[in-house]
Amino acid sequence: MPGGRLTQQERQQIALGVADGLAYAEIARRLERPTSTITREVMRNGGPTAYRAELAHRATERRAHRRQQATPRGTQSTELPHGRDPEAVREYEETFTTVLMQTGAPKMMSRVLTCLYTSDTGSLTAAELVQRLQVSPASISKAISYLENQGLVRRERDERRRERYVADDDVWYQSMIASARGTIQLAETARQGVGVLGPGTPAATRLENIARFLDFVSESLTRAADQAREVLHTKPETSSDSAT
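Thresholds, definitions, all that
Each residue is numbered by its place in its chain's sequence as written, counting from 1. Thresholds applied to this predicted model are a pLDDT of at least 70 for local features of residues and 80 or more for the giving and counting of side-chain atom pairs; totals over whole chains, interfaces and linings are not thresholded and use all residues. Heavy atoms throughout the structure, all of them, feed into the side-chain values; hydrogens and water do not. Each helix corresponds to a stretch of at least 4 residues labelled H or I by DSSP, and each strand to a stretch of at least 2 residues labelled E; elements are numbered beginning at the N terminus. Buried means the residue's accessible area, taken with a 1.4 Å probe over protein chains only, is under 20% of the maximum for its type, while exposed means over 50%, and partly exposed covers the values in between. Any two strands with at least two DSSP-identified bridges between them are counted as paired. Expected span of a helix, by definition, is 1.5 Å for each gap between consecutive residues, and there is one gap fewer than residues. In this description, the arc belongs to the directions extending from the helix axis to the C-beta atoms. The patches reported here contain residues having more than 30% relative accessible area and no salt bridge. Joining distances are 9 Å for like charges and 5 Å for nonpolar side chains (Val, Leu, Ile, Met, Phe, Trp, Tyr). For accessible areas, the Shrake-Rupley method is used with a probe of radius 1.4 Å. Any residue's cover is judged against the shown protein chains and nothing else. A pairing counts as a salt bridge when a side-chain nitrogen of Lys or Arg comes within 4 Å of a carboxyl oxygen of Asp or Glu. The rule is short: rings of Phe, Tyr and Trp, with Trp giving its six-membered ring, pair when the centres are within 6.5 Å, and they are stacked under 30 degrees, edge-to-face over 60, tilted in between. The angle between two axes is taken between their N-to-C directions and runs from 0 to 180 degrees, where each axis is a line fitted to C-alpha atoms and a helix contributes only its stretch in contact. Between N or O atoms, a polar contact is any pair within 3.5 Å; within protein, one atom must be a potential hydrogen donor and the other a potential acceptor, and residues adjacent in sequence are included only when both atoms are from side chains. Each residue carries a pLDDT value, the predictor's own confidence for that position, ranging from 0 to 100. In what follows, residue pairs with any heavy atoms lying within 4.5 Å of each other are defined as contacts.

Caption draft 1: Geometry of the environment of Arg 181. When you line up the elements, Arg 181 lands in helix α9 (residues 171–197). With a relative accessible area of 55%, Arg 181 lands in the exposed category. A sequence separation of 41 residues divides Arg 181 from Thr 222, and the C-alpha atoms of the two residues are 8.9 Å apart.

Caption draft 2: Representation of the pairing of strand β3 (residues 163–166) in the model. Inspection of the sheet shows strand β1 (residues 123–125) paired to β3 by three bridges, in the antiparallel sense. Residue pairing across strands places Thr 125 opposite Arg 164, the latter belonging to β3. Pairing geometry for strand β2 (residues 154–157) and β3, over four bridges, is antiparallel. Bridge assignment links Arg 155 to a residue of β3, and that residue is Tyr 165. Linking β2 to β3, which pair antiparallel, is a turn of five residues; within it Arg 161 sits at a positive phi near 65 degrees.

Caption draft 3: Geometry of helix α1 (residues 8–19). A rise of 1.5 Å per residue sets the reference length of α1, with its 12 residues, at 16 Å; its end C-alpha atoms lie 17 Å apart and thus fit the reference within 8%. Of all the positions in α1, only Glu 10, Arg 11, Ile 14, Ala 15, Gly 17 and Val 18 are classed as buried. Seen from one end, α1 has its buried residues packed into an arc of 165 degrees, which puts them on one side. Projecting away from the buried face of α1 at angles above 90 degrees are the exposed residues Gln 9, Leu 16 and Ala 19. Just downstream of α1 lies Gly 21, where phi reads positive at about 80 degrees.

Caption draft 4: Spatial organisation of a nonpolar patch on the surface. On the surface, a cluster of nonpolar side chains totalling about 320 Å² of accessible area is made up of Phe 213, Phe 216 and Val 217. Residue position: Val 217 is located in helix α10 (residues 202–233).

Caption draft 5: Inspection of the packing of aromatic side chains at higher detail. Counted according to the given criterion, the structure contains three aromatic pairs. Between Phe 96 and Tyr 117, the ring centres sit 5.9 Å apart and the planes meet at 50 degrees, which makes this aromatic pair tilted. In this pair, Phe 96 is assigned in helix α5 (residues 86–102) and Tyr 117 in helix α6 (residues 107–117), connecting sequence segments 21 residues apart. A residue is classified by how much of its surface remains accessible, and Phe 96, at 24% relative accessible area, is partly exposed.

Caption draft 6: View of the sheet that holds β3. The strand order across the open sheet built from three strands is β1-β3-β2, with neighbouring strands paired in antiparallel fashion. The sheet is open, and its two edges are formed by β1 and β2, each paired on a single side. Recorded for the sheet is a direction-independent mean angle of 35 degrees between the axes of neighbouring strands.

Caption draft 7: Fine view of the side chain of Ser 110. Relative to the assigned elements, Ser 110 resides in helix α6. Here the side chain of Ser 110 touches Ala 105 through a polar contact of 3.4 Å, landing on its backbone oxygen.

Caption draft 8: Summary view of the confidence of the model for the protein chain. Overall, the predicted model of the protein chain reaches an average pLDDT of 84, with 87% of residues at or above 70. Ignoring residues within four places in sequence, the model shows residues 72–76, a span with pLDDT below 50, making zero contacts including any to other chains. Scored below 50 in pLDDT, residues 239–244 shows one contact in the model against residues more than four places distant or in partner chains.

Caption draft 9: The pattern of salt bridges, seen in detail. In this structure the tally under the stated criterion is 18 salt bridges. The salt bridge partner of Arg 29 is Glu 26, with a shortest N-O separation of 2.7 Å. In this pair, Arg 29 and Glu 26 both sit in helix α2 (residues 24–31), three residues apart, roughly one turn of the helix. The exposure class assigned to Glu 26 is partly exposed, which follows from its relative accessible area of 23%.

See the structure below:
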């Protein structure tokens, strides 16, 4: 499978594939590239409805030029812990950010969440996020507020009384439960319309079907989240604890 940066010819093939409605996996197969490479390429250059090969190629060249200017000559790139390859880490972070954006999260919120997930501590201060992402404190504050509302991060104080933003194993559970609650509320609202529009009318029947569907989805989501949390996050008993 070829590596390195996408060529202009490959970008033209991507544009043709997107225009033909091909799945990213199929485009990747034809180019012998990872699906994540195609996904990231399209999403960071306008998305499936606005992707243009020439514009994407120019944008990539500009980003590469900016990175070269940002790195002083004669300096070594920052050494990462555990012997990690900085370029591989950067590429992975871009891929993860792109996938989060596909779920509907705004770009800055996706970047912050990726930064938290890929840090070994799972928690960072606002100052650390500003330094890592090279953005303004206001951008970080806005992103954190959004992620908190989605239940994807939480705040805590460290031993120096600094506020830290945390994305741990329990965050996704809390987010799923919050999503289920929102679905339940939507179902209840839809069911209220049955009485307003008149039971048995076409509009009321439609709303009742929506409510029943959402009830089933919310119950299934809550049950699956509870089961996953119990199975995946419960520590196994030690031999001494299980001895009779």
